[in-house]
Each structure stands twice: as structure tokens, then as C-alpha cells.
Amino acid sequence: MAATVIDGKAFAAKVRGLVGEQVSKLKADHGIIPGLAVVLVGDDPASQVYVKSKGKMTVEVGMKSVEHRMNSDVSEADLLAMVQSLNDDPTIHGILVQLPLPDHLNSDLVINSIDPAKDVDGFHISNVGLLGTGQKAMVPCTPLGSLMMLRDHLGSLSGLNAVVIGRSNIVGKPMAQLLLGDSCTVTIAHSRTKDLAEVVRRADIVVAAVGRSQMVPGDWIKPGATVIDVGINRIDKPEGGTRLVGDVEYESCAAVAGAITPVPGGVGPMTIACLLANTVTACCRVNNLVEPKGLTA
Ligand code: GUN
């Protein structure tokens, strides 16, 4: 039987709807407008597209959107001063410094200068530690979106075998922590993993987050498994032009899996929706208000 296609676009629209309701309530009941600031250094075209899309959706859900563009040769001191001014601004509840930063800037230093309570990316070491110890954290957006889709499709994840392929700080590691938090038996696989095919074949849940186009073939997938494809890779089409593909071979995996996220239209749209969700969550936390249900891990 063909796999259920998990529609991330529709799911993200639902999450943005919930965020919009919360924003309206915050305004009506408390006179508070959640604010998200994005800092973009340099003129990387892909980053510019992301940032534009983030700004548009932030405004659509009724939040304040602020964008700061800085030259690619900005000094670390000036960037840190910008982050500090946003930390000090009470109208800003979420801060995102778009990555990657130019080589002369220390990304870790910059990320760890963000107030952890406003760190809507969940990349600050405090949030990494809170997540790893099962405490209330800001959770990275892509893993959070992936978890929401898994819970929605499977209900309880308890006791399931999950394999996360990829060990990045942005996706692989926090994803593994979230799956562990939902009582999965978790394996983190990576480029040095021996017999990756056998490891993946044991998994009820496969999260592919390696950034290598179509590297997981269908014959690695356990029949009925749920496949979350985090990859977004642009490849050339034989007839000319390009197209987006994920880290799994969609057709062959969809023939075996129980459910699968497509690329595009799967995890991608959930990332921005979760950024907006995290901003509302941060706003509620700093104001000691009840956090919205369904928008956090
Ligand atoms: N660059 C690409 N994706 C992201 C993201 O989710 N957060 C940040 N800060 N930079 C990114």
C-alpha cells in the first residue's frame, strides 16, 4: 500500500492559524504584541529568501516583524552590540541571527550572546542544556516541526525505534533529544556509521537530516515506517533547469513506508511555522502567561 503523504504545508498553515489566535488573545487580553527580530549579515541569496519569507509570515499572524541587515564585513563588536540592543528591547520577544555567518564572525559567540529567553532558534547553549535535561527550553524549529508531524501521524511515539541520520546541532542532535523525550529508542547515525542500511532497516521512525540528495533508498526502509525527510537539495533535471529533492529517494521510500514527508511541502514549511510558535511561547513565558497548548514540545 502506498504511504500516507504527510502534508507539511497544510500542517504549517494550521500551526500558523493557532499562532494567529494566540497573538489576537495576547493583544485583546493583555495589550501585548509579540515581536520577532531577524538579523541578516551579508547578501547570501538563499538567506535573503528565507528572511523575506519569515518577515511576511510574521506580519500575517499579527506579530511585529523587525529586520536588521548588516554588511558582510560588519565587525563582531557591531553585531554583538546589535544583539544586545535587541536583548534590551522589551517589544522584541524573539531574536534570530540568520546562519551561516561570514567566516570572520564567531557564530557560537554571537548565538550565545542572545538572551536565552529570546532565543527562538533554540541554539543557545542554555537552551541546548535545558532540552538535553528534559527541562523547559526553546526548541529548534525544524526538529520541533518534525516532532509535531510525528505525533500527529502516530499518536504516541513511546517504545518506537527511531533513527536520526545526521548529527548537526541544528537538526540531528535536538531531534534525537526530542524523540528520547517521547520515549523512543533513539539511534543517531552519521557519515561514519557502519552498515547504515541495517541500522535504518530496524527503524519505525527515520529522520533524514544529512543534506545529501536522495541518499536513503527504499530498500533501507522497514515496511510501514514513518519517514521524515529534512533535506532540501537542489539538483539538475535531465531536461535542464533544477528541482528540489530531499535526503531520501522519494518514490522508492514511499512505496515501502507507512507515511512520508514530501520535498518540497513537508518539513520545510513547518520550520517557519515553528519559529512563529516559538516567538509566541517566548512572549508568554516572559510575561508569566499560560503557554499555548500544541505549540511547544
Ligand atoms: N539558516 C537556515 N536555517 C536557519 C534557521 O533555522 N535558523 C537560523 N538562525 N539560520 C538558518
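See the structure printed just above.
Residues numbered from 1 in each chain as written. Predicted model: local features only at pLDDT ≥ 70, side-chain atom pairs only at ≥ 80, totals over all residues. Heavy atoms only, no water.

### Looking at the sheet that holds strand 7 (residues 205-208)
Move 1: Spatial ordering of the open sheet is given by 1-11-8-7-5-6, a layout of six strands whose pairing is parallel. Whereas interior strands pair on both sides, the edge strands pair on one side only; in this sheet they are strand 1 (4-5) and strand 6 (185-189).
Move 2: As defined by bridge partners, strand 5 (residues 161-165) adjoins strand 6 across five bridges and the pair is classed as parallel. The residue bridging Ala162 from the neighbouring strand is Val186, located in strand 6.
Move 3: Helix 7 (residues 172-181) rests against strand 5, strand 6 and strand 7 of the sheet, and its axis sits at about 170° to strand 5. (Pairing = 2+ DSSP bridges. Helix = DSSP H or I, 4+ residues; strand = E, 2+ residues; numbered from the N terminus. Contact = heavy atoms within 4.5 Å. Axes fitted to C-alpha atoms, helices over the stretch in contact; angles between N-to-C directions.)

### Quick look at the site of the ligand
Move 1: For the ligand, the full set of nearby residues is Tyr50, Leu96, Val97, Gln98, Leu99, Asp121 and Phe123.
Move 2: Side-chain polar atom of Gln98 to a nitrogen atom of the ligand: 3.0 Å apart, as the coordinates give it.
Move 3: Between the ligand and Leu99 there is a distance of 2.8 Å, counted from a nitrogen atom to a backbone nitrogen or oxygen.
Move 4: About the coverage of the ligand: the protein hides 81% of its 280 Å² of free accessible area.
Move 5: Across the shell around the ligand, the residue classes tally to five nonpolar, one polar and one charged. (Near = heavy atom within 4 Å. Polar contact = N/O pair within 3.5 Å; in protein donor to acceptor, adjacent residues only side chain to side chain. Areas by Shrake-Rupley, 256 points an atom, 1.4 Å probe, with all protein chains shown as cover. Nonpolar A, V, L, I, M, F, W, Y, C, P; charged D, E, K, R; others polar.)

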